[in-house]
Amino acid sequence: DAGITQSPRHKVTETGTPVTLRCHQTENHRYMYWYRQDPGHGLRLIHYSYGVKDTDKGEVSDGYSVSRSKTEDFLLTLESATSSQTSVYFCAIASPNFYEQYFGPGTRLTVT
Amino acid sequence: AQTVTQSQPEMSVQEAETVTLSCTYDTSENNYYLFWYKQPPSRQMILVIRQEAYKQQNATENRFSVNFQKAAKSFSLKISDSQLGDTAMYFCAFMKHVDGNKLVFGAGTILRVKS
């Protein structure tokens, strides 16, 4: 299994509070991704990174920001959480040949 | 933009029988990859099978095989000899050859294998 961890695994927070989710990899892979999973939508890309300090937006980036100061860590921040951001969040890394993405275990976030 | 459609929200199959999950996609690209991912109740995303668009031969992985019809933009997954452990959500996904290699997912099909 690819070495990807996410923290926290579960979080309940209130509307308007900031939230940061962490993805950590031990594979030293260049590309990292954040997706959210919602019923009826599958997984949708929020942001991705193609190197340290190199990031780009995905399909559903509004309300989210990311940072990558080290190869192994990719942070997703909700500056002011809203109920529409209640979801399961997955981090993924791309294999060097890009033929596969390996996913972390997911973080269930509930915004009340 | 690419889109992926899975028209079967839920399916069920008897243990040991065969089931086919449907997936269609829309793209103007010629070089791309298609995937089927499995998500069991544990929530872990597991790659089941991958197909490169430039390959005419359909991919197979043990009991899992695909029917890739490039002209029709169709990519179905066949599971033979279904097992209880196949019960899961299955996602079809598309990836362009370049542009960040981002995955575009379908909405998913819940498969239940009955004993």
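Residues numbered from 1 in each chain as written. Chains lettered and ligands numbered in written order. Predicted model: local features only at pLDDT ≥ 70, side-chain atom pairs only at ≥ 80, totals over all residues. Heavy atoms only, no water.

## Quick look at the overall build of chain B
Moving on, step 1. The number of helices and strands found in chain B is 0 helices and 12 strands.
Moving on, step 2. Shown N-terminal to C-terminal, the secondary structure of chain B runs as helices and strands in the order β-β-β-β-β-β-β-β-β-β-β-β.
Moving on, step 3. Scaling as 2.2 N^0.38, a compact globule of 115 residues should have a C-alpha radius of gyration of about 13 Å, and chain B matches this with 14 Å.
Moving on, step 4. For chain B, the spread of C-alpha atoms along the principal axes amounts to about 45 × 25 × 20 Å. (Helix = DSSP H or I, 4+ residues; strand = E, 2+ residues; numbered from the N terminus. Rg over C-alpha atoms; globule rule 2.2 N^0.38 Å.)

## What about the sheet that holds strand S1 (residues 4-7) of chain A?
All names here are of chain A.
Moving on, step 1. Taken together, the 4 strands give an open sheet; going across it, the order is S1-S3-S8-S7, and neighbouring strands pair in antiparallel fashion. Looking along the sheet, the strands with just one partner apiece sit at the ends: S1 and strand S7 (64-70). Recorded for the sheet is a direction-independent mean angle of 20 degrees between the axes of neighbouring strands.
Moving on, step 2. Bridging between S1 and strand S3 (residues 19-25) involves 4 bridges; their strand directions are antiparallel. Bridge pairing in S3 links Ser-7 to Arg-22. (Pairing = 2+ DSSP bridges. Axes fitted to C-alpha atoms, helices over the stretch in contact; angles between N-to-C directions.)

## Focus on the interface of chain B and chain A
Moving on, step 1. At the junction of the two partners, chain B supplies 19 residues and chain A supplies 24 residues.
Moving on, step 2. Between chain B and chain A, roughly 1,800 Å² of surface is buried when both sides are summed, and carbon and sulfur atoms account for 52% of that area.
Moving on, step 3. At the junction of chain B and chain A, the tally comes to 0 salt bridges.
Moving on, step 4. Run the count over chain B and chain A and you get 7 residue pairs in polar contact (both at pLDDT 80 or more).
Moving on, step 5. Breaking the side of chain B that touches chain A down by element, the ones donating at least two residues are strand S5 (32-39), strand S6 (46-52), strand S10 (88-96) and strand S11 (103-105) of chain B. (Contact = heavy atoms within 4.5 Å. Buried area = accessible area lost by both parts, 1.4 Å probe. Salt bridge = Lys/Arg side-chain N within 4 Å of Asp/Glu carboxyl O. Polar contact = N/O pair within 3.5 Å; in protein donor to acceptor, adjacent residues only side chain to side chain.)

## A look at the pairing of strand S8 (residues 64-69) of chain B
Residues and elements named next belong to chain B.
Moving on, step 1. With 2 bridges joining them, strand S7 (residues 60-61) and S8 adopt antiparallel strand pairing. Within the sheet, the bridge partner assigned to Thr-60 lies in S8 and is Ser-65.
Moving on, step 2. Linking S7 to S8, which pair antiparallel, is a turn of 2 residues; within it Asn-62 sits at a positive phi near 55 degrees.
Moving on, step 3. Bridge count for S8 against strand S9 (residues 74-79) is 6 bridges, and the pairing is antiparallel. Of the residues in S9, the one forming a bridge with Phe-64 is Ile-79.
Moving on, step 4. Counted between consecutive antiparallel strands, the loop separating S8 from S9 contains 4 residues, among which Lys-73 sits at a positive phi close to 55 degrees.

## A short note on the layout of surface pockets
One way to see where empty space is left: roll a probe the size of a water molecule over the atoms.
Moving on, step 1. Approximately 400 Å³ is the volume attributed to the largest pocket.
Moving on, step 2. Lining the largest pocket are 21 residues; nearest its centre among them are Glu-59 of chain A together with Gln-2, Leu-103, Val-104 and Phe-105 of chain B.
Moving on, step 3. Mapped onto the lining of the largest pocket, the elements with two or more residues apiece are strand S5 (42-51) of chain A together with strand S1 (3-5) and S11 of chain B.
Moving on, step 4. Class assignment for the residues of the lining of the largest pocket results in 9 nonpolar, 7 polar and 5 charged.
Moving on, step 5. For the second largest pocket, the calculated volume is near 300 Å³.
Moving on, step 6. The wall of the second largest pocket is formed by 19 residues, among which Gln-37, Asp-38, Pro-39, Val-88 and Arg-108 of chain A lie closest to the centre.
Moving on, step 7. Taken together, the elements giving at least two residues each to the lining of the second largest pocket come down to strand S4 (32-38), strand S9 (87-94) and strand S11 (107-111) of chain A together with S10 of chain B.
Moving on, step 8. Per element, the largest residue contribution to the lining of the second largest pocket is 3 residues, and it comes from S11 of chain A.
Moving on, step 9. Of the residues belonging to the lining of the second largest pocket, the class tally is 8 nonpolar, 8 polar and 3 charged. (1 Å grid on protein atoms, 1.4 Å probe; cavity = no way out; pocket = protein on both sides within 12 Å on 5 of 7 lines; lining within 4 Å. Points joined across faces, edges and corners; volume = space filled by probe spheres on them. Nonpolar A, V, L, I, M, F, W, Y, C, P; charged D, E, K, R; others polar.)

Remember that the coordinates give geometry; whether it matters functionally is a separate question.
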